[in-house]
Amino acid sequence: MNPTSLHTEVKQLNDEISRLLANRTLLKHTGRPVIPVPVLASLLLPKLFGERWEEKDRLSAVAAGALYAAFTAHDSIGREASESRQGQLTVLAGDYYSGVHYRILAEMEDIPLIRRLSKSVTEMSERKIRLYEHREGDSPEQLLSYVETIEAGTVSAFLMERGYGQYEAAARHGLTACRLGAESITLRDGGRTPFLDAFLRSGGIHGDTAVAARTLDRCRLFHAGRLIEETATFGYRTGDPVSAIAGIYGITEPASIQTGKKD
């Protein structure tokens, strides 16, 4: 595997998912389905590292990607836009993508994967609800654990059910590091998200943005380091493959500081 082939594989999966989800009206009003590149790479980790990749694996990855497109569509709706025509079409787009995901798995008659993905969606939704219900003084560590479930639960379910459990930790840590990086940028720029609102109210943070920023970056580096450690065990110890995977997740620090250890 090299950086060029990695990006080619990611693009091919993205294009295939987009073709299956294509709808003329939705394309006109809401644009092409959005599946984050780190999610696509996470779904492809076994193939990227040389595992046997069968037709059922490909279709399952497409179905999981369609589900993420639904998540992205639903999460993109702002409170103000929820009742607008554009907002309503975006909600419909998310529902449509979710329906395509179920149709693919039903045609495959893969009931175990349907059950596991459904469970992951339930767990992810529960964690999102808890962010909104978060009480002041609750543990920041608990909130950070929610990020892992929200970002990686469905990819983890896919990898475990398809028999690629050895790649689950790498995907989970990579996606978590990616999300924490995005949250850190939002915090730095003075923005807010449901996670940041809860995190700033948590015990030990007490609304201090500087403390929150340091805590987020420390946690992000932990997950970044674990991603590097995990990918290094797949047989590609040095060179472009591991660096390319890290780059997909937005991890740019030199490997020497990615210790994988909490402070």
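Residues numbered from 1 in each chain as written. Predicted model: local features only at pLDDT ≥ 70, side-chain atom pairs only at ≥ 80, totals over all residues. Heavy atoms only, no water.

**Points about the overall build of the chain**
Turning to step 1, where the next piece is worked out: Tallying secondary structure elements over the chain gives 11 helices and zero strands in all.
Turning to step 2, where the next piece is worked out: Secondary structure elements of the chain occur, N-terminal to C-terminal, as α-α-α-α-α-α-α-α-α-α-α.
Turning to step 3, where the next piece is worked out: Out of the 263 residues belonging to the chain, those deemed buried represent 49%.
Turning to step 4, where the next piece is worked out: The contacts in the chain between residues at least 6 apart in sequence include a share of 73% that link residues at least 24 apart.
Turning to step 5, where the next piece is worked out: Of the roughly 12900 Å² of accessible surface on the chain, a fraction of 50% belongs to carbon and sulfur atoms. (Helix = DSSP H or I, 4+ residues; strand = E, 2+ residues; numbered from the N terminus. Buried < 20%, exposed > 50% of the residue type's maximum accessible area, 1.4 Å probe, protein only. Contact = heavy atoms within 4.5 Å. Areas by Shrake-Rupley, 256 points an atom, 1.4 Å probe, with all protein chains shown as cover.)

**Some thoughts on the pattern of salt bridges**
Turning to step 1, where the next piece is worked out: Summed over all chains, the structure comprises 19 salt bridges.
Turning to step 2, where the next piece is worked out: As a salt-bridge pair, glutamate 16 and arginine 58 come within 1.8 Å of each other at their nearest N and O atoms. With glutamate 16 in helix α1 (residues 3–21) and arginine 58 in helix α4 (residues 55–75), the pair connects residues that are 42 residues apart, well separated along the chain.
Turning to step 3, where the next piece is worked out: A salt bridge links lysine 56 to aspartate 110; its shortest N-O distance comes to 4.0 Å. With lysine 56 in helix α4 and aspartate 110 in the loop between α5 (85–108) and α6 (111–133), this pair connects stretches of sequence that are 54 residues apart.
Turning to step 4, where the next piece is worked out: Each of the salt bridges in this network shares a partner with another, and the network as a whole consists of Lys11, Asp15 and Arg32. (Salt bridge = Lys/Arg side-chain N within 4 Å of Asp/Glu carboxyl O.)

**Some details on the side chain of serine 18**
Turning to step 1, where the next piece is worked out: Turning to its location among the elements, serine 18 is positioned in helix α1.
Turning to step 2, where the next piece is worked out: A residue is classified by how much of its surface remains accessible, and serine 18, at 8% relative accessible area, is buried.
Turning to step 3, where the next piece is worked out: Residue contacts for serine 18: discarding those within four places in its chain leaves Arg32 and Pro33.

**A closer look at the packing of helix α8 (residues 168–188) against helix α9 (residues 194–201)**
Helices that pack against each other are described as a pair by the angle of their axes relative to one another and the distance between those axes.
Turning to step 1, where the next piece is worked out: Remark: α8 packs on α9, axes separated minimally by 10 Å, with the N-to-C direction vectors making an angle of 75 degrees. Classified by the angle between their axes, α8 and α9 sit roughly perpendicular to one another. Here Arg179, Glu183, Thr186 and Leu187 of α8 lie close against α9, whose contacting residues are Phe195, Leu196 and Leu200.
Turning to step 2, where the next piece is worked out: Of the residues assigned to the contact of α8 with α9, the class counts are four nonpolar, one polar and two charged. (Axes fitted to C-alpha atoms, helices over the stretch in contact; angles between N-to-C directions. Parallel < 35°, antiparallel > 145°, perpendicular 65-115°, else oblique. Nonpolar A, V, L, I, M, F, W, Y, C, P; charged D, E, K, R; others polar.)

**A few points about the side chain of threonine 193**
Turning to step 1, where the next piece is worked out: Relative to the helices and strands, threonine 193 is located in the loop between α8 and α9.
Turning to step 2, where the next piece is worked out: Look at threonine 193 and you get buried, because its relative accessible area is 18%.
Turning to step 3, where the next piece is worked out: Within the local environment of threonine 193, its side chain forms a polar contact with the side chain of glutamate 183, the two groups lying 2.8 Å apart.
Turning to step 4, where the next piece is worked out: Setting aside its immediate chain neighbours within four residues, threonine 193 contacts Glu183 and Thr186. (Polar contact = N/O pair within 3.5 Å; in protein donor to acceptor, adjacent residues only side chain to side chain.)

**Things to note about unusual backbone geometry**
A negative phi angle is the norm for most residues apart from glycine, just as the trans form is the norm for most peptide bonds.
Turning to step 1, where the next piece is worked out: Unlike most non-glycine residues, glutamate 109 shows phi in positive territory, near 60 degrees.
Turning to step 2, where the next piece is worked out: As for its placement among the helices and strands, glutamate 109 is situated in the loop between α5 and α6.
Turning to step 3, where the next piece is worked out: Overall, glutamate 109 belongs to the exposed group, its relative accessible area being 65%.
Turning to step 4, where the next piece is worked out: Not every positive phi belongs to a glycine, and histidine 206 is a case in point at roughly 50 degrees.

**Regarding the confidence of the model for the chain**
Turning to step 1, where the next piece is worked out: Chain-level statistics for the chain give a pLDDT mean of 84 and a share of 83% at 70 or above.
Turning to step 2, where the next piece is worked out: Mean pLDDT across the secondary structure elements of the chain bottoms out at α5, with 72, and peaks at α8, with 96. (pLDDT = per-residue confidence, 0-100.)

**Quick notes on the packing of aromatic side chains**
Turning to step 1, where the next piece is worked out: The full count for this structure, using the stated rule, is five aromatic pairs.
Turning to step 2, where the next piece is worked out: With 6.3 Å between their ring centres and 25 degrees between their planes, phenylalanine 49 and tyrosine 167 make a pair best called stacked. Within this pair, whereas phenylalanine 49 is found in the loop between α3 (37–48) and α4, its partner tyrosine 167 is found in the loop between α7 (140–161) and α8, the two being separated by 118 residues in sequence. Taken individually, phenylalanine 49 and tyrosine 167 each receive the classification buried, so the pair is uniform in this respect.
Turning to step 3, where the next piece is worked out: Seen from their ring centres, tryptophan 53 and tyrosine 164 are 6.0 Å apart, and the 25 degrees between their planes marks the pair as stacked. (Phe/Tyr/Trp six-rings, centres within 6.5 Å; stacked < 30°, edge-to-face > 60°.)

**Observations concerning the environment of histidine 223**
Turning to step 1, where the next piece is worked out: For histidine 223, the location among the structural elements is in helix α10 (residues 209–232).
Turning to step 2, where the next piece is worked out: A residue is classified by how much of its surface remains accessible, and histidine 223, at 3% relative accessible area, is buried.
Turning to step 3, where the next piece is worked out: Residue contacts for histidine 223: discarding those within four places in its chain leaves Glu148, His173, Thr176, Ala177 and Leu180.
Turning to step 4, where the next piece is worked out: Only 2.9 Å separates the side chain of histidine 223 from the side chain of histidine 173, close enough to count as a polar contact.

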